[in-house]
Amino acid sequence: MRHPILATLCAAGVFGLSACDKTIDKDAVDREFTGVNAIDGTGLNDVMLKAADPSEAVTYFQRADGIDPGRIDLMRGLAASLVRAKRNQEASIAWAKVVDHADSTNDDRVALADALIRNNDWERAEQTLNSIPPTHESYQRYRLEAMIADANQNWDKADSFYETAVGLTTKPASVLNNWGYSKLSRGDYSGAEKLFYETLRHDPAMFTAKNNLVLARGAQGNYTLPVLQMTQVERAELLHTMGLSAVKRGDVRIGKGLLEDAIETHPQHFDAAATALAALEPTVTN
């Protein structure tokens, strides 16, 4: 009955001696790390990708890849972590290395295209997507295809890709918001308004969609806030957006009133609205 206890004490003694020893055998530590990663790597990798601080995740996967180079799961982890850390140029290089791996997939090529777009390398992103067989259909692929079609001002193709992407996900709020912004940028304000309402039906808390909705309504001369779930701060910010939209359309007095409402509504000092209102005072006086 004493054997398990004795084993535990021995193990504790080993760790105690290791802690006291100031000279660390790095190779031994790396070998131990390799063993742990081989056994528990899948679960730990997932935690680092989803829950860890992005910079810590990058460090973890760089170290893991250095210890066990050529493992495509670690290469993917590093590339994905670099995207999370917004280190877009490095992420593009890392995903390119994944794509060059013998075990890479079409999903890896889609991820490379995503990284290239984040790095503002639209031409290479388009080339990467064009290299993927049309039989590979995924939400992420069509979302990126739509963005590239937008950048090329190929509106019919963009609409088709957005529609396909929406049908391939159970969480379409983000792509619907992008589609709405595309409509907004090309002057289809009523079409954009419908898409922003649809976005908020799927994600009522998305402030970007609320702000875009106000922009779409303001561009049509509709200066009343839509009936939405919003905090007091959000209401003030949306009134500010609406006020600027009114000024842009030449309705300066209406814009001034909306900016005053924004300042009054905000629970704290609203510097952006106050600055815009001050800039308008000479215009209104004249």
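Quick caveat, the model's predicted, so the values are computed rather than measured.

Novice: Looking at this structure, how should I read the overall build of the protein chain?
Specialist: For the protein chain, the count of helices and strands is 15 helices and zero strands. The buried share of the protein chain, reckoned over its 286 residues, is 39%. A separation of at least 24 residues holds for 48% of the contacts in the protein chain among residues at least 6 apart in sequence. When the accessible surface of the protein chain is totalled, it reaches about 16,400 Å², and 54% of it is carbon and sulfur.

Novice: Got a minute to help me understand the side chain of T241 in this structure?
Specialist: Mapped onto the fold, T241 is located in helix α13 (residues 232-248). Other than its neighbours up to four places away in sequence, T241 contacts N211, V214 and L215.

Novice: For this particular structure, what's the right way to read the pattern of salt bridges?
Specialist: Between side chains of opposite charge, a pair can form when the charged atoms approach closely. Evaluation of the coordinates by the stated rule reveals 17 salt bridges. D159 is paired through a salt bridge with K183; the nearest N and O atoms lie 3.9 Å apart. You can see D159 sitting in helix α9 (residues 155-167) and its partner K183 sitting in helix α10 (residues 173-185), a full 24 residues away along the chain. Both residues of the pair, D159 and K183, count as buried.

Novice: Help me understand the environment of A85, please; the structure alone is not making it clear to me.
Specialist: Mapped onto the elements, A85 comes out in the loop between α4 (72-84) and α5 (88-100). Judged by relative accessible area, which is 23%, A85 ranks as partly exposed.

Novice: Teacher, can you tell me more about the confidence of the model for the protein chain here?
Specialist: Regions with low pLDDT carry predicted coordinates that are not meant to be interpreted in detail. Residue-level pLDDT values for the protein chain average 88, and 84% of them are 70 or greater. Low pLDDT, under 50, characterises residues 28-33; the predicted model gives this stretch nine contacts beyond four residues in sequence or across chains.

Novice: Honestly, the packing of α5 against helix α6 (residues 106-118) in this entry has me stumped. Any pointers?
Specialist: The angle between the axes and the distance between the axes are what describe a pair of packed helices. The contact between α5 and α6 brings their axes to 8 Å, and the two run at 160 degrees. As summarised for this structure, α5 and α6 are arranged roughly antiparallel, according to the angle between their axes. Remark: the crossing between α5 and α6 carries left-handed chirality. Between α5, through N88, A91, S92, W95, A96, V98 and V99, and α6, the contact on the second element is made entirely by D108, R109, A111, L112, A115, L116 and R118.

Novice: I keep staring at unusual backbone geometry and nothing clicks. Help me out?
Specialist: Comment: phi is negative for the bulk of residues other than glycine, and the bulk of peptide bonds are trans. Non-glycine residue N120 carries a positive phi angle of around 65 degrees. Assessed through its relative accessible area of 58%, N120 is described here as exposed. Phi is positive for Q153, close to 55 degrees, though the residue is something other than glycine. Residue class for Q153 comes out exposed when judged on its relative accessible area of 57%.

Scoring rules and cut-offs
- Residues numbered from 1 in each chain as written.
- Predicted model: local features only at pLDDT ≥ 70, side-chain atom pairs only at ≥ 80, totals over all residues.
- Heavy atoms only, no water.
- Helix = DSSP H or I, 4+ residues; strand = E, 2+ residues; numbered from the N terminus.
- Buried < 20%, exposed > 50% of the residue type's maximum accessible area, 1.4 Å probe, protein only.
- Contact = heavy atoms within 4.5 Å.
- Areas by Shrake-Rupley, 256 points an atom, 1.4 Å probe, with all protein chains shown as cover.
- Salt bridge = Lys/Arg side-chain N within 4 Å of Asp/Glu carboxyl O.
- pLDDT = per-residue confidence, 0-100.
- Axes fitted to C-alpha atoms, helices over the stretch in contact; angles between N-to-C directions.
- Parallel < 35°, antiparallel > 145°, perpendicular 65-115°, else oblique.
- Left-handed = near helix turned anticlockwise from the far one by under 90°.

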